[in-house]
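# Geometric and topological summary
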Amino acid sequence: MVLDLSKGAALVLMITIVDRGTGDKVVELLKAEGAEVNLLTYARGTASSEIMEYLGLADTEREIVFTPIGLGTSKKVIKKIRERFRLEKPGKGIIFTIPISSICGKLSAKLLYETDQGDEISMEKTDFELIIVITTRGYADDVMSAARGAKATGGTVIHARGMGHKAAEKFFGITVQPEKELLFILTQNNIKKDIMKAIVSKYGMNTEAKSVVFSLPVSDVDGLPEGFRQQEIKD
């Protein structure tokens, strides 16, 4: 069974980025609110020193918590995480949600979806998007430099390993087995295309970096100072 949520989704993927050592506490809070499915991983920030005071994503160790959760629950949880971990203060972390369009499997649907049947997400244009870059390990900082040239502020790097099928490798014309880096860049919608073009032009598939770039809409975001958000959206 595949539950299609694209015409009014009630489920989101909540991504919480915090300092190393804080992730377990975030997971405890999430479990207390009924979110039983959580994935905790390590990463590092890449923000430039000029905006560290805004985002706190400079070259420092981070933890990321991925949580599929009902929309209604996510809004309550975001508020609690913001208050408990002081996300309004620069450098404390960032939290945002991405709409999920479908769920496969009855048990998964029951576990993740049943408590928020009445909630809906509008798929209209959002103020923020998450750019995801999959690049050959060792190129994340170079990719981030290209993104900054298009007004990106900072990102978060996760180490990964490709698990591609041979047929997929042949179709895409790339080898995906070597170690990879995932670069997450949360950015304003109005500069998303410029950032993606800047990355592809220097570190796209026709380069040694072999970067794949795509973006996802962000339905809610917290952890950005209000003045910073307003200023960037206007630019």
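These notes cover the structure that comes with them. (Residues numbered from 1 in each chain as written. Predicted model: local features only at pLDDT ≥ 70, side-chain atom pairs only at ≥ 80, totals over all residues. Heavy atoms only, no water.)

### Some points on the pairing of strand β2 (residues 11–19)
For a regular strand, side chains alternate in direction, first toward one face of the sheet and then toward the other. Quick note on the threshold: Burial classes: relative accessible area under 20% of the type maximum marks a residue as buried, over 50% as exposed, and values in between as partly exposed (1.4 Å probe, protein chains only). For helices the rule is a DSSP run of H or I covering at least 4 residues; for strands it is a run of E covering at least 2, with both sets numbered from the N terminus onward. A pair of strands is treated as paired once DSSP finds two or more bridges between them.
Burial within β2 is extensive, with seven of its nine residues counted as buried. With nine bridges connecting them, β2 and strand β4 (residues 61–70) associate as antiparallel partners. If you follow Leu 13 over to β4, its bridge partner there is Pro 68. Here β2 runs beside strand β5 (residues 93–99); their pairing, made up of seven bridges, is antiparallel. Note on β5: the bridge partner recorded for Ile 17 is Ile 94.

### Focus: helix α1 (residues 23–32)
Quick note on the threshold: By construction, the arc corresponds to the directions joining the helix axis to the C-beta atoms.
Residues of α1 that are buried include every one of Gly 23, Val 26, Val 27, Leu 29 and Leu 30, and no others. Across the axial projection of α1, the buried residues extend over an arc of 160 degrees, all falling on one side. Counted as exposed and oriented over 90 degrees from the buried face of α1: Glu 28 and Ala 32. Trailing α1 by a residue or two, Gly 34 shows a phi angle of about 95 degrees, which is positive.

### Some words on the packing of aromatic side chains
Our working rule: Geometry of aromatic contacts follows a simple scheme: Phe, Tyr and Trp rings, the Trp one being its six-membered ring, pair when their centres are within 6.5 Å, and the pair is stacked under 30 degrees between planes, edge-to-face over 60, tilted otherwise.
Counted under the stated rule, the structure contains two aromatic pairs. Ring geometry for Phe 66 versus Phe 184: centroids 6.2 Å apart, planes at 90 degrees, classification edge-to-face. Within this pair, whereas Phe 66 is found in strand β4, its partner Phe 184 is found in strand β9 (residues 179–188), the two being separated by 118 residues in sequence. Under the relative-accessibility criterion, Phe 184 is labelled buried at 8%.

### Some words on the pattern of salt bridges
The test is simple: Criterion for a salt bridge: a side-chain nitrogen of Lys or Arg within 4 Å of a carboxyl oxygen of Asp or Glu.
Across all of its chains, the model carries six salt bridges by this definition. Its salt-bridge partner being Glu 88, residue Arg 86 comes within 3.0 Å of it at the nearest N-O pair. Overall, the relative accessible area of 36% leaves Glu 88 in the partly exposed class.

### Considerations on helix α5 (residues 140–148)
Buried residues of α5: Ala 140, Val 143, Met 144, Ala 146 and Ala 147, and no others. Across the axial projection of α5, the buried residues extend over an arc of 160 degrees, all falling on one side.

### Regarding the side chain of Asp 222
How we decide: We call two residues in contact when some of their heavy atoms are within 4.5 Å.
Along the chain, the position of Asp 222 falls in strand β11 (residues 220–222). When near neighbours in sequence (up to four residues on either side) are disregarded, Asp 222 contacts Ile 78, Arg 82, Ile 94 and Ile 95.

### A look at the environment of Ile 158
Note that Ile 158 resides in strand β8 (residues 156–161). The class of Ile 158 is buried, set by a relative accessible area of 7%. Residues contacting Ile 158, with those up to four places away along its chain left out, are Thr 41, Tyr 42, Ala 43, Ile 64, Phe 66, Lys 180, Glu 181, Leu 182 and Phe 184.

Functional significance is not addressed by these values, which are geometric in nature.
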